[in-house]
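Read off the chains here:
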Amino acid sequence: MKKILLGVLVIIFTGLSAQQAQIELTGRQSIELDFVDYSLYSLKLKNTSSAEIEVSIISRVSNEQVRGFGLAPKSTVEEVLIESDSYALFTNLSDNKALFSIVATPKVVAPVTKTDGVSFTLRNSTFKSIPLIIPSVMNPNLSPKSNSGVYLKYGQKVYLRRGVSKKLILTVDQTIREGALIDVDSIIRLVEDEKI
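Reading the values: rules and limits
- Numbering of residues begins from 1 in every chain and follows the order in which that chain's sequence is written.
- It should be noted that, the model being predicted, local features are given only for residues of pLDDT at least 70 and side-chain atom pairs only at 80 or more, the latter also being counted only at that level, while totals for whole chains, interfaces and linings use all residues.
- Hydrogens and water are ignored here; the side-chain numbers use all heavy atoms of the structure.
- Helix numbering and strand numbering both begin at the N terminus, where a helix is a DSSP run of H or I of at least 4 residues and a strand a DSSP run of E of at least 2.
- Buried residues are those whose accessible area, probed at 1.4 Å on protein chains only, stays under 20% of the maximum for their type, while exposed residues exceed 50% and partly exposed ones sit between those limits.
- The contact criterion used is simple: two residues touch if any of their non-hydrogen atoms lie within 4.5 Å.
- Working definition of accessibility: Shrake-Rupley area with a 1.4 Å probe, residue cover restricted to the visible protein chains.
- Being paired, for any two strands, means DSSP has found at least two bridges between them.
- To get an axis, a line is fitted to the C-alpha atoms, and for a helix only the part in contact is used. The angle between two axes follows their N-to-C directions and goes from 0 to 180 degrees.
- Each pair of aromatic rings taken from Phe, Tyr and Trp, with Trp reduced to its six-membered ring, is defined by centres within 6.5 Å and is described as stacked if the planes are under 30 degrees apart, edge-to-face if over 60, and tilted in the remaining cases.
- Whether a charge sits over a ring comes down to the Lys NZ or Arg CZ being within 6 Å of the ring centre and within 35 degrees of the ring normal.
- None of His or the chain ends enter the tally, which takes Lys and Arg as positive and Asp and Glu as negative.
- Put simply, a salt bridge is a Lys or Arg side-chain nitrogen that is within 4 Å of an Asp or Glu carboxyl oxygen.

Novice: Could you give an account of the overall build of the chain, naming the residues involved and the relevant values?
Specialist: Looking only at helices and strands, one finds one helix and 16 strands in the chain. Every one of the 196 residues in the chain was classed for burial, and the buried ones make up 43%. Intrachain contacts of the chain at a sequence separation of at least 6 include 66% that bridge at least 24 residues. Accessible surface for the chain amounts to roughly 10,800 Å². Of this, 54% is attributable to carbon and sulfur atoms.

Novice: Explain the sheet that holds strand E2 (residues 19-25) residue by residue, including any values.
Specialist: Spatially, the four strands line up as an open sheet ordered E2-E9-E4-E7, and their pairing is antiparallel. With partners counted over all chains shown, the strands left at the sheet margins are E2 and strand E7 (76-83), one partner each. Sheet twist, expressed as the average angle between the axes of neighbouring strands with direction ignored, equals 25 degrees. By the bridge criterion, seven bridges tie strand E4 (residues 40-47) to strand E9 (residues 98-106) in an arrangement that is antiparallel. Note on E9: the bridge partner recorded for Asn 47 is Phe 100.

Novice: I'd like a description of the packing of aromatic side chains, backed by residues and values.
Specialist: Enumeration over the complete set of coordinates arrives at one aromatic pair. Residues Phe 90 and Phe 100 carry aromatic rings whose centres are separated by 5.0 Å and whose planes lie at 40 degrees to one another, so their mutual orientation is tilted. Of this pair, Phe 90 sits in strand E8 (residues 86-92) while Phe 100 sits in strand E9, and the two are ten residues apart along the sequence. Each of the two residues, Phe 90 as well as Phe 100, counts as buried. Lying over the aromatic face of Phe 127, Lys 145 brings its terminal NZ or CZ to 4.6 Å of the ring centre. For the cation-ring pair, Lys 166 lies above Tyr 159, with the distance from its terminal atom to the ring centre recorded as 4.3 Å.

Novice: Go over the side chain of Glu 52 with me, naming the residues and quoting the values.
Specialist: Mapped onto the secondary structure, Glu 52 falls in the loop between E4 and strand E5 (53-59). No salt bridge is formed by the buried Glu 52. Its closest oppositely charged neighbour is Arg 161, at 7.1 Å. Beyond its immediate stretch of four places on either side in the chain, Glu 52 contacts Asn 47, Gly 70, Leu 71, Pro 73, Thr 91, Asn 92, Leu 93, Ser 94, Ser 129 and Asn 141.

By themselves these figures say nothing about function.
Right under this line is the structure:
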């Protein structure tokens, strides 16, 4: 599905310390953020508006989306990792003004041995957004037909958000293999079938 962007702004940050910005997007507008001096960095995002913002990590090599998610209105995401060969693209999905803040922090690239959790991909294979709650990590809206890469600790719970209520759909454990692709809609259907 092609998207028509009414406006694309590009911001390139330089410098080796943490960077902060407050960004306002008009309806359907997009902005690219690139931190050229960072080999690896993390973004902390806070959406202070009532508009949903699509967050896409785009490869500079292939110019294709590597991963992405929806930043729900009035929500915060503590950490989104971005590698040196990628940049972040933010798109206001509504006709209303979107306002959000970012804090970009460089990360030290070092060999990591992760034994307390697993990296895997959450896949939304449907044509509708899937709102999730991952306590103390983030509350993403998985965009239609998208993938979202995550690293979650063993024991971490993942919930489906339904209005003000939530339903447990996944507990991360050792049965999830490194790099696995998990179809969230299939899990939701399995959980709902078990309750019947």
